[in-house]
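Architecture at a glance
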Amino acid sequence: MVITIDGPAGSGKSTAARNLARALGIAYLDTGATYRAVTLKALREGVDLEDADALADAAGRARIHLSPEPAATRVWLDGEDVSETIRSEAVSEKSYYPARSPQVREVLVALQRRIGAELGSFVAEGRDQGTVVFPDADVKFYLVADASERAKRRCAELRARGESCNEQKVRTAIERRDRRDRTRDVAPLIKPDGAIEVDTTDRDVAAMDAALLAHVRERLDKDAGGGPAP
Ligand code: C5P
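Residues numbered from 1 in each chain as written. Predicted model: local features only at pLDDT ≥ 70, side-chain atom pairs only at ≥ 80, totals over all residues. Heavy atoms only, no water.

What to know about the site of the ligand
Near the ligand lie 16 residues; those nearest to it are Arg 36, Arg 105, Asp 128, Arg 177 and Asp 181. Contacts to the ligand include Arg 177, whose side-chain N or O atom sits 2.7 Å from an oxygen atom. Arg 184 is positioned such that a nitrogen or oxygen atom in its side chain is 3.0 Å from an oxygen atom of the ligand. Within the complex, 97% of the 450 Å² of free accessible area of the ligand lies under protein. The pocket occupied by the ligand, as judged from atoms lying within 2 Å of grid points, is the largest pocket. For the shell around the ligand, the element with the most residues is helix α2 (residues 32-45), which contributes three residues. Split into classes, the residues belonging to the shell around the ligand amount to two nonpolar, five polar and nine charged. (Near = heavy atom within 4 Å. Polar contact = N/O pair within 3.5 Å; in protein donor to acceptor, adjacent residues only side chain to side chain. Areas by Shrake-Rupley, 256 points an atom, 1.4 Å probe, with all protein chains shown as cover. 1 Å grid on protein atoms, 1.4 Å probe; cavity = no way out; pocket = protein on both sides within 12 Å on 5 of 7 lines; lining within 4 Å. Sits in = over half its atoms within 2 Å of the grid points. Helix = DSSP H or I, 4+ residues; strand = E, 2+ residues; numbered from the N terminus. Nonpolar A, V, L, I, M, F, W, Y, C, P; charged D, E, K, R; others polar.)

Here's the deal with the pairing of strand β7 (residues 139-144)
Of all six residues that make up β7, six are buried, and the element is covered over most of its length. Covered by surrounding structure in β7 are Val 139, Phe 141 and Leu 143 together with Lys 140, Tyr 142 and Val 144, the residues of both alternating faces. Where strand β1 (residues 2-6) lies against β7, four bridges are found, and the strand directions are parallel. The residue bridging Asp 6 from the neighbouring strand is Tyr 142, located in β7. (Buried < 20%, exposed > 50% of the residue type's maximum accessible area, 1.4 Å probe, protein only. Pairing = 2+ DSSP bridges.)

Quick look at the pairing of β1
Counting buried positions along β1 gives five out of five residues, so the element sits mostly inside the fold. Pairing of β1 with strand β6 (residues 122-126) involves five bridges; the strand directions are parallel. Along β6, the bridge assignment pairs Val 2 with Phe 122.

Remarks on the packing of aromatic side chains
The full count for this structure, using the stated rule, is two aromatic pairs. In this structure, Arg 180 is placed above the aromatic ring of Tyr 96, and the distance from its NZ or CZ to the ring centre is 3.9 Å. (Phe/Tyr/Trp six-rings, centres within 6.5 Å; stacked < 30°, edge-to-face > 60°. Lys NZ or Arg CZ within 6 Å of the ring centre and 35° of its normal.)

Overview of helix α1 (residues 13-24)
For α1, built from 12 residues, the straight-helix expectation of 16 Å at 1.5 Å per residue is met to within 8% by its first-to-last C-alpha distance of 16 Å. When we look at burial in α1, the residues that qualify are Lys 13, Ala 16, Ala 17, Asn 19, Leu 20 and Ala 21. Elements in contact with the buried residues of α1: β1, β2 (27-30), β6, β7 and α10 (205-223). With its phi angle positive at about 70°, Gly 25 sits one or two positions after the end of α1. (Expected span 1.5 Å × (residues − 1). Contact = heavy atoms within 4.5 Å.)

If you want it as structure tokens, here you go:
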């Protein structure tokens with residue numbers, strides 16, 4: 001079974017994808033981590049982020065490994081565990097450079113499909129999973145939430161890691177990232193055809209998880225040719 005979850009930063013994708021994967025007993029594929037890992041590699045190597053060829057070269061050389069366990073996701077870059085480092089605001093902010101490069105996307109889409117083929121059944125989250133990477137997914141979700149709520153969530157995450165956070169600044173950064181993700185020429189963030197849209201603004205995690213799981217069960221029942229589960 002292949003399930004995709006796309007949506008803007010802070011819409012609840014990661015939590016939803018992880019919890020759904022856990023509930024269904026399948027793997028979790030965090031594709032944002034691949035863009036973050038390439039961003040980190042480029043920053044560390046002093047690559048000119050405006051130089052598309054140099055970025056593509058860095059992406060081609062990056063050895064990225066993701067653990068598929070929804071409960072304990074780790075990310076390795078060239079053999080080093082960078083799970084925390086790639087979540088910094090510096091990496092978030094600069095991830096737009098690799099994400100807008102068609103050559104980098106080609107490398108990372110191939111990597112994501114290779115991982116998907118190895119996993120077989122998984123929940124993939126990102127910006128282009130239902131549109132470009134896994135267009136034949138069994139169930140596609142598109143998560144949305146108000147920008148102020150998304151900023152609040154991002155700040156809560158940062159504070160939990162001991163970092164300080166200004167909600168207004170984070171909101172501005174989130175809106176800038178949204179704009180870039182939605183307006184880029186290649187694989188822009190849009191609602192995939194056939195995706196189920198879920199607004200998570202007023203839903204807590206339990207309500208969001210329940211909504212997604214109910215949609216998946218409904219789809220599975222339909223595919224099995226039966227009516228809704230008793
Ligand atoms: O989801 P996350 O915030 O970790 O993604 C980091 C960045 O990577 C996003 O802002 C986006 O620009 C890019 N991305 C993408 N396509 C994906 C996943 C992430 O362009 N499938």
